[in-house]
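Descriptive analysis of the structure
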Amino acid sequence: MADRTLQQILTQLKTRGPSLSYADSLALLSKAKLTLLQLHALTPSSSTPAHLLPLARETYEQGALASIRAHDPDAFTHYVQRLQPFYELPADVLPPNAPERNKVTGLYLLLLLTEGRYAEFHSELESLACRDSGGDETDRYLGYPIRLERWLMEGSYDRVWKAIQSREVPCEEYGVFSEILTSQIRSEIASSSERAYPSLPLSSTKSLLFLDSEGAVVEFAQHRGWVVRDGHIYFPDPAEAGDDESGRQQKEVSKMIIENTLGYARQLETIV
Amino acid sequence: MPGKTPSSNGNEPLENGVRNGQDVEMKDGKSKGKKGVKDSEEEMTVVVPPTKGSKQSSGGPTPDTDEDTTMDEDKVNDEAVKVDPVAQTVAEIKGNFALLDRAVALFDARFSLRALRSISLFRKRLDPDIIAQAIVDTFPAMVTSGLAAKQLLIAIGRENMPLGRSGSSEMEVDNESSAKTPKNGATKEVKEIIPEIDIFLGILIQVYLFDSKQFQRGAEFSKYLADRVQSLNRRTLDSLSAKVYFYYSLFCEQLAPQPPSPQSPVVSIRPTLLAALRTAVLRKDIDTQASVIVLLLRNYLSTSHITQADLLVSHTQFPENAVNNQVARFLYYLGRIRAIQLRYTEAHEHLTAATRKAPSSACAAGFSATTTKLLLVVELLMGDIPERSTFRQPTLELALQPYFLLVQAVRIGNLGDFETIIADHADTFRRDGTYTLILRLRQNVIKTGIRMMSLSYSRISLRDICIRLRLGSEESAEYIVAKAIRDGVIEATLDRERGFMKSKEVGDVYATREPGEAFHERIRACLALHDESVKAMRFPMNQHRLELKNAQEAREREREMAKEIQEGDLDEDDLGGDFDGM
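Everything numeric in this text was worked out from a predicted model, so none of it was measured.

What follows covers the overall build of chain B. A count of helical and extended segments in chain B gives 28 helices and three strands. By residue count, 49% of the 582 residues in chain B fall in the buried class. Residue pairs at least 24 apart in sequence account for 66% of intrachain contacts in chain B once pairs closer than 6 positions are excluded. As displayed, chain B has an accessible area near 29400 Å², and 55% of this comes from carbon and sulfur atoms.

Now for the packing of aromatic side chains. Centre distance and the angle of the planes are the two values used to describe a pair of aromatic rings. Residue and element names in this part refer to chain B. Tallied over the full model, the rule gives 21 aromatic pairs over all chains. Here the aromatic rings of Phe-246 and Tyr-247 are separated by 5.2 Å at their centres, their planes lie at 75°, and the arrangement is edge-to-face. Looking at Tyr-247, the relative accessible area reads 6%, which means it is buried. Ring centres of Tyr-403 and Phe-429 lie 5.1 Å apart, and the angle between their planes is 70°; on these two criteria the pair is classed as edge-to-face.

Looking now at the side chain of Ser-67 of chain A. Turning to its location among the elements, Ser-67 of chain A is positioned in helix α3 (residues 52-69). Filtering out sequence-adjacent residues up to four positions away, Ser-67 of chain A remains in contact with Tyr-22, Asp-72, Ala-75, Phe-76 and Tyr-79 of chain A.

Taken together, Leu-268, Ile-271 and Val-272 of chain A make up a surface patch of nonpolar side chains, about 320 Å² in accessible area. Its location among the elements puts Leu-268 of chain A in helix α13 (residues 243-271).

Residues and elements named next belong to chain A. Read across the sheet, three strands follow the order β1-β3-β2 without closing on themselves; strand pairing throughout is antiparallel. Where the open sheet ends on each side, the last strands, each with one partner, are β1 (199-201) and β2 (227-229). Neighbour-to-neighbour, the strand axes of this sheet turn through a mean angle of 25°, independent of strand direction. Bridging between β1 and strand β3 (residues 232-234) involves three bridges; their strand directions are antiparallel. Considered in β3, the bridge of Pro-201 is made with His-232.

Here the focus is the packing of helix α4 (residues 85-106) of chain B against helix α6 (residues 128-138) of chain B. Helix-helix packing is characterised by the crossing angle of the two axes and by the distance between the axes. Residues and elements named next belong to chain B. At a closest axis distance of 9 Å, the pairing of α4 and α6 adopts a crossing angle of 50°. Classified by the angle their axes make, α4 and α6 are oblique. Considering how the two elements wind past one another, α4 and α6 form a crossing that is right-handed. Of the residues in α6, those touching α4 at Val-86, Thr-89, Val-90, Ile-93, Lys-94 and Phe-97 are Ile-130, Gln-133, Ala-134, Asp-137 and Thr-138.

In this assembly, 43 residues from chain A lie in contact with 41 residues from chain B. Between chain A and chain B, a total of about 3900 Å² is buried, with carbon and sulfur atoms accounting for 56% of that surface. Contact with chain B buries area across many residues of chain A, yet Glu-126, Glu-154 and Tyr-264 of chain A alone supply 16% of it, more than any other trio. Our count for the contact surface shared by chain A and chain B stands at two salt bridges. Here Glu-154 of chain A ties to Arg-442 of chain B by a salt bridge, and the two come within 2.8 Å at their closest N and O atoms. Connecting chain A to chain B are eleven residue pairs in polar contact (both at pLDDT 80 or more). Every element with two or more residues in the side of chain A that touches chain B is listed here: α6 (118-129), α7 (140-154), α8 (157-165), α9 (172-196), β1, α10 (202-208) and α13 of chain A. Here the residues of the side of chain A that touches chain B sort into 21 nonpolar, 13 polar and nine charged.

Attention now goes to the confidence of the model for chain A. Residues at a pLDDT of 70 or more form 86% of chain A, whose mean pLDDT is 77. When pLDDT is averaged over each element of chain A, helix α4 (residues 73-87) of chain A comes out on top at 85 and helix α12 (residues 238-241) of chain A at the bottom at 54.

If charged atoms from side chains of opposite charge come close, those side chains can pair. All told, the structure shown has 18 salt bridges over all chains when counted by the stated rule. Residues joined by salt bridges that share partners form a network here, namely Glu-188 of chain A together with Lys-483, Arg-486 and Asp-487 of chain B.

Residue and element names in this part refer to chain B. Ranked by size, the top nonpolar core spans 204 residues in total, and within it Ile-93, Phe-200 and Leu-201 carry the most contacts. Among the elements that take part in this core, helix α9 (residues 195-211) stands out by supplying eleven residues, more than any other. Setting aside chain neighbours within four positions, we find Ile-93 in contact with Phe-122, Leu-126, Ile-130, Ala-134, Phe-200, Leu-201 and Leu-204.

Our next topic: the domain arrangement of chain B. By the assigned domains, chain B splits into domain 1 (85-167 + 193-275) and domain 2 (323-456). Domain 1 of chain B and domain 2 of chain B are separated by 38 Å when their C-alpha centres are compared.

The next thing to look at is the environment of Ile-68 of chain A. Residues and elements named next belong to chain A. Among the structural elements, Ile-68 can be located in helix α3. Residues Ile-68 and Leu-208, spaced 140 residues apart in sequence, show a C-alpha to C-alpha distance of 30 Å. The residues contacting Ile-68, other than those within four sequence positions of it, are Phe-76, Leu-107, Glu-173, Val-176 and Phe-177.

The next subject is α7 of chain A. Residue and element names in this part refer to chain A. Relative to the 21 Å expected for 15 residues at 1.5 Å per residue, α7 spans 22 Å between its end C-alpha atoms, a close match to the ideal helical length. Among the residues of α7, those classed as buried are Tyr-141, Leu-142, Gly-143, Tyr-144, Pro-145, Ile-146, Leu-148, Glu-149, Trp-151, Leu-152, Met-153 and Glu-154. Just past α7, the residue Gly-155 takes up positive phi, approximately 100°.

As a further point, take the sheet that holds strand β1 (residues 459-461) of chain B. Residue and element names in this part refer to chain B. Ordered in space as β1-β3-β2, the three strands form an open sheet in which the pairing is antiparallel. Edge positions in the sheet fall to β1 and β2 (492-495), since each has one partner strand and no second. Strand-to-strand twist in this sheet, taken as the mean axis angle between neighbours without regard to direction, amounts to 20°. Alignment of β1 against strand β3 (residues 500-503), held across three bridges, turns out to be antiparallel. Counted as the bridge partner of Ile-460 is Met-501 from β3. Contacting β2 and β3, helix α25 (residues 474-486) runs over the sheet at an angle of about 150° to β2.

Another aspect to go through is α9 of chain A. The end-to-end C-alpha distance of α9 of chain A, which contains 25 residues, comes to 36 Å, matching closely the 36 Å that a straight helix rising 1.5 Å per residue would cover. By the largest-angle criterion, Ser-178 of chain A marks the main kink of α9 of chain A, which is about 30°.

Attention now goes to the side chain of Gln-289 of chain B. Along the chain, Gln-289 of chain B falls in helix α14 (residues 286-302). With sequence-adjacent residues up to four places away left out, Gln-289 of chain B is seen in contact with Leu-277, Ala-280, Val-281, Gln-317 and Pro-319 of chain B.

All names here are of chain B. Relative to β3, β2 runs antiparallel, the two being bridged by four bridges. Looking across to β3, one finds that Asp-495 is bridged to Phe-500. The hairpin formed by β2 and β3 contains four residues between the paired strands, and Gly-499 there has a positive phi angle of roughly 65°.

This part covers unusual backbone geometry. Its identity as a non-glycine residue notwithstanding, Lys-213 of chain B has a phi of 60°, on the positive side. Examined against the element boundaries, Lys-213 of chain B turns out to sit in the loop between α9 and α10 (215-232).

With that settled, consider the packing of α14 of chain B against helix α15 (residues 306-315) of chain B. Residue and element names in this part refer to chain B. It is at 8 Å that the axes of α14 and α15 come closest, and there the two elements cross at 160°. Relative to α15, the element α14 lies roughly antiparallel. The interaxial crossing formed by α14 with α15 has left-handed handedness. Here Ile-293, Leu-296, Leu-297, Tyr-300 and Leu-301 of α14 come into contact with α15, specifically with Ile-306, Gln-308, Ala-309, Leu-312 and Val-313. Looking at the contact of α14 with α15 residue by residue, the class counts come to nine nonpolar, one polar and no charged.

Each value, and the rule that gives it
- Residues numbered from 1 in each chain as written.
- Chains lettered and ligands numbered in written order.
- Predicted model: local features only at pLDDT ≥ 70, side-chain atom pairs only at ≥ 80, totals over all residues.
- Heavy atoms only, no water.
- Helix = DSSP H or I, 4+ residues; strand = E, 2+ residues; numbered from the N terminus.
- Buried < 20%, exposed > 50% of the residue type's maximum accessible area, 1.4 Å probe, protein only.
- Contact = heavy atoms within 4.5 Å.
- Areas by Shrake-Rupley, 256 points an atom, 1.4 Å probe, with all protein chains shown as cover.
- Phe/Tyr/Trp six-rings, centres within 6.5 Å; stacked < 30°, edge-to-face > 60°.
- Patch = residues over 30% accessible without salt bridge, like charges linked within 9 Å, V, L, I, M, F, W, Y side chains within 5 Å.
- Salt bridge = Lys/Arg side-chain N within 4 Å of Asp/Glu carboxyl O.
- Pairing = 2+ DSSP bridges.
- Axes fitted to C-alpha atoms, helices over the stretch in contact; angles between N-to-C directions.
- Parallel < 35°, antiparallel > 145°, perpendicular 65-115°, else oblique.
- Left-handed = near helix turned anticlockwise from the far one by under 90°.
- Buried area = accessible area lost by both parts, 1.4 Å probe.
- Polar contact = N/O pair within 3.5 Å; in protein donor to acceptor, adjacent residues only side chain to side chain.
- Nonpolar A, V, L, I, M, F, W, Y, C, P; charged D, E, K, R; others polar.
- pLDDT = per-residue confidence, 0-100.
- Core = buried A, V, L, I, M, F, W, Y, C linked by side-chain atoms within 4.5 Å.
- Domains from an automatic or database assignment.
- Expected span 1.5 Å × (residues − 1).
- Bend = angle between axes of the 7 residues up to and from the residue.

Here it is, written out as structure tokens:
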């Protein structure tokens, strides 16, 4: 009986998922979780009836997607952690549902990527490598964040931009991150342009930074503290700013040498 | 011997010569009745005394007493008499009991370690009959110890052999192993069998079960043995229990769903290992602690639970004075974790230490190959090019071949070559667990390519860069070059309107602080090495008191000390002369 209510809630979540408001889906989800608790299926154990396991897993998956749609990374991470024990169950106890699993994992990877948690991103990647079913970049959901990370690392920002814009985005939940990624690559490009170019014409900066109009370029330039003059952008000279800093560094170098030499002397004394 | 030798230089070879003479005699006597194969193994046992002797005379870190050496020689003598390989192996096994007895009596773990080391000498000859024979000979038919012995016998399927066929003392190995006079040692049966011997036999059974691939039985037996070790709680068991857990975990790894799958039995022994770790820490049991930490790390990494492994490292402290091999393993796993987490500098440090600490003998070739592979990839990821001599080591040359090609591609900065190598050797890399790391190298290849071009051309168009590096488009090339400039890979500027990259003049390296830093790094390594060698010196506990008891021994010791002082004086005189001159 209780599992029938659960089933109903789930179908409701699945069919109307994207159109539901976050508050509505939250209410449904908490009801589903309460039912799970009553059925003792909140976490998988050996005593959990087998037919409840897929239901529990689906509840969490829906919860994860809902929290992503609502831009709530903490709730999403929570659901991902909840799902982990379900995913590690053997296939004969709980038949795996690879597309959904990959979707959630892909979203999690993307979240880690946009938050700059590269260490965790790669740890997660490592565990994908030993997953037996389609844990690869050929997968539609998993390949997306993996490719993005590679392009970001080598600096092919135009490809990242294209990937975000085009229909390569596997599903709408992934689109949530596009905005964050755009601003991320824009600031990356800006900081490398500061070093790489002596000056840039306004017109081409527009395409360089993937901005819509020259007005937006000027606004962005002011935001970064760049000087706009005769249709060109001039970057503040990093050498000027770092002048007194280099003097301090020089002092640090000599101090370090003295320190090291004293250290050697002390060590030698203990040895001899 | 003292006084005859004018200098310490002349002393060592002479002493060795004397001992060698004895040994050679013994060997000759034996080899008459033996086959060639076994002879080579015998040689290994025989070689042991001279090295000990030389250490002794040079006052080295392991001052083994003479008694020790004679005991070994006794053992060798026993072997010389026997021809039957079964009886001989049994005798060898029992020879180790003497070591264990001493370990308990002197409270010195070195003797147990030596007993464990000797397993490898007769490992190939182990079979259920030999082990059963050893058990039956050792245990008297008493109720208390009989139970333990019964368990051991069941484990190798020889449960119907009667116990207590002969005495328990190892001093009468000759009589016992010939098994003709079963009543001989009856008077000594009062003596309790120490648990160390019990566990040692257990380890032998583990070794045998592992070698004969009976993993399921091995795992069950190991579980029993681990429980027993846990309940005994004796400090002298420490190094033995470390071994017990080692084989326990090894058995689990071999069982049906193998590691990458989350249902593997390795997952289910984690609680046991963690409990063992906790107990080991509380009991200050360094051997078990070190070995269990290493096992747990291996366990987590085998199922790619990197985060858990990282947490384990951050919440435990690896014992400082653990056995060298465990330290090497620990450093390897730590390096692996750090490499996955993109902390390459730390990973490099740990892996370099691991390769240096790895035993250089051929038996550890697998470990050093694995470590070197990972180290090479990490070096590449850091932007360094490994030295060519690494690939020339004869033991590693073949194993490192794919990595050699990889390094070449990265060094030249050829993206095309790089991708074909990855495609060709994907399976090898996957097996080595370096595949995901190698995929990260792509950006390094590009960076090297850009650097090469910036060095060779003072001005080059973005189109050419794009073509040479086989990048997707000119825009990509522009962004990539800009990023390289920002990351400090090259010194150059870009001209967007005319679409080229202009290189700046390269400064003098010796004007920077880099040489100084490299120098400092090396000095620090030398100093650390010195400190560690000082720490590694050993001073056995209560050794002096024991000597006082034995007057004969003490006199000998005194003579030796006098000799050493004499040598020392000589040395000091030599040195003193120099100092006077100054």
